[in-house]
Amino acid sequence: MYDFRKIFKLKVLRKSVEVLIKSRDYWDKRARDYDRAPGHSGFEEEWKKFLSSKLSSESKILDVGTGTGFLALLLAELGYEVVGVDISEEMIKVAREKAEKRNLKVEFKLGNAEKLDFKNEEFDAVVSRHLLWTLQNLKNCIAEWKRVTKNKVLVIDGVWLSDNFVSRVKSGIAKLGIALVERRNVFKLQYDKDTQKALPYYGGVPKDVALRMFREVGFSKIEVEDLNYLKELFYKGRFLYKLAWYDRNWDYYSIIGVK
Ligand SMILES: C[S@@+](CC[C@H](N)C(=O)[O-])C[C@H]1O[C@@H](n2cnc3c(N)ncnc32)[C@H](O)[C@@H]1O
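No experiment lies behind these values; they were computed from the predicted model shown.

## Considering the UniProt feature "domain: Methyltransferase type" (unreviewed entry) in the protein
- Feature annotation in UniProt places "domain: Methyltransferase type" (unreviewed entry) on residues 62-152, given in this structure's numbering.
- From the first C-alpha to the last, residues 62-152 spans 11 Å; its make-up is 35% helix and 26% strand.

Below, the structure written as structure tokens:
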């Protein structure tokens, strides 16, 4: 008898690849103006201070979902040897241009955070910022990052959107304001509905969920820290952006898993 589980598995696999392709296409289109939004760039000294406090003894670092290379470039400036991977060729292009302008040596490569093309324990640490919500299988990804590191996995992430009606209305009005002031369609800054539905944490990963995943992956030590003080900085003086994408009750945190 034919094993129908095979068909099911193939369908799941096909769907997962489709989501990945759509995600890549979305970030390809966003690459050139990605750094304009608050929280995507800027406040480099504060970030460097934070990174140095978390990564002391490590020297070779992988930045997964590096995007336009924000963490990777800061880490290179701090003297670490850095590799950045991303599924979007356009994001990688911007990252390479930025590295050249700053005269920094970082290896930027295409790669999938779900299945990395690296040996076990090839890096001293893996870092990632603002990537979790775009992933289809969070636990598998964190396990994969744990595989390629000798010491730790450091993730910076949070919650970006709310289903709450009042929040959505507030956000809609603010986005309209940004669209008028900046003359660009900020309503397009989101995945299409199908992709949104396919992502279990579209809108962000609460701290307790990240903590549960890190525990299930089996780190020997886990540290969580609130980073809302940094998020407050990003939105200072950016009233419309703050109204559209910020609420002090939403989690913004770092989580470190030590092997
Ligand atoms: C919100 S951006 C964050 C970029 C950067 N880490 C930062 O902090 O500015 C998410 C990035 O993750 C990348 N990405 C999404 N899914 C990915 C995957 N499965 N593997 C690798 N990169 C992925 C996207 O292409 C995009 O550049």
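## Brief notes about the site of the ligand
- In the neighbourhood of the ligand, 19 residues make up the surrounding shell, with W27, G65, G67, A113 and R129 lying closest.
- Elements represented by at least two residues in the shell around the ligand include exactly α1 (4-30) and α3 (70-77).
- Looking at side-chain class alone, the shell around the ligand contains seven nonpolar, nine polar and three charged residues.

## Comments concerning the environment of Y191
- For Y191, the position within the fold is in the loop between α6 (165-182) and α7 (193-198).
- Y191 gets classed as partly exposed once you count the C-beta atoms within 10 Å, which come to 18.
- As a C-alpha pair, Y191 and K22 span 169 residues in sequence and 8.2 Å in three-dimensional space.
- Dropping the residues within four chain positions of it, Y191 is found in contact with Y26, Q196 and Y202.

## Thoughts on the packing of helix α5 (residues 138-148) against helix α8 (residues 207-217)
- Interaxial distance between α5 and α8 falls to 9 Å at its minimum, and their mutual angle equals 55 degrees. Relative to α8, the element α5 lies oblique. For the crossing formed where α5 meets α8, the hand is right-handed. Judged by residue contacts, L138, K139, I142, A143 and K146 of α5 engage M213, F214, E216 and V217 from α8.
- Of the residues contributing to the contact of α5 with α8, the split by class is six nonpolar, no polar and three charged.

The rules behind these values
- Residues numbered from 1 in each chain as written.
- Predicted model: local features only at pLDDT ≥ 70, side-chain atom pairs only at ≥ 80, totals over all residues.
- UniProt positions renumbered as here; feature names shortened; annotations may be inferred.
- Helix = DSSP H or I, 4+ residues; strand = E, 2+ residues; numbered from the N terminus.
- Near = placed C-beta within 6 Å.
- Nonpolar A, V, L, I, M, F, W, Y, C, P; charged D, E, K, R; others polar.
- Buried ≥ 20, exposed ≤ 12 C-beta atoms within 10 Å, placed from the backbone.
- Contact = placed C-beta atoms within 7 Å.
- Axes fitted to C-alpha atoms, helices over the stretch in contact; angles between N-to-C directions.
- Parallel < 35°, antiparallel > 145°, perpendicular 65-115°, else oblique.
- Left-handed = near helix turned anticlockwise from the far one by under 90°.

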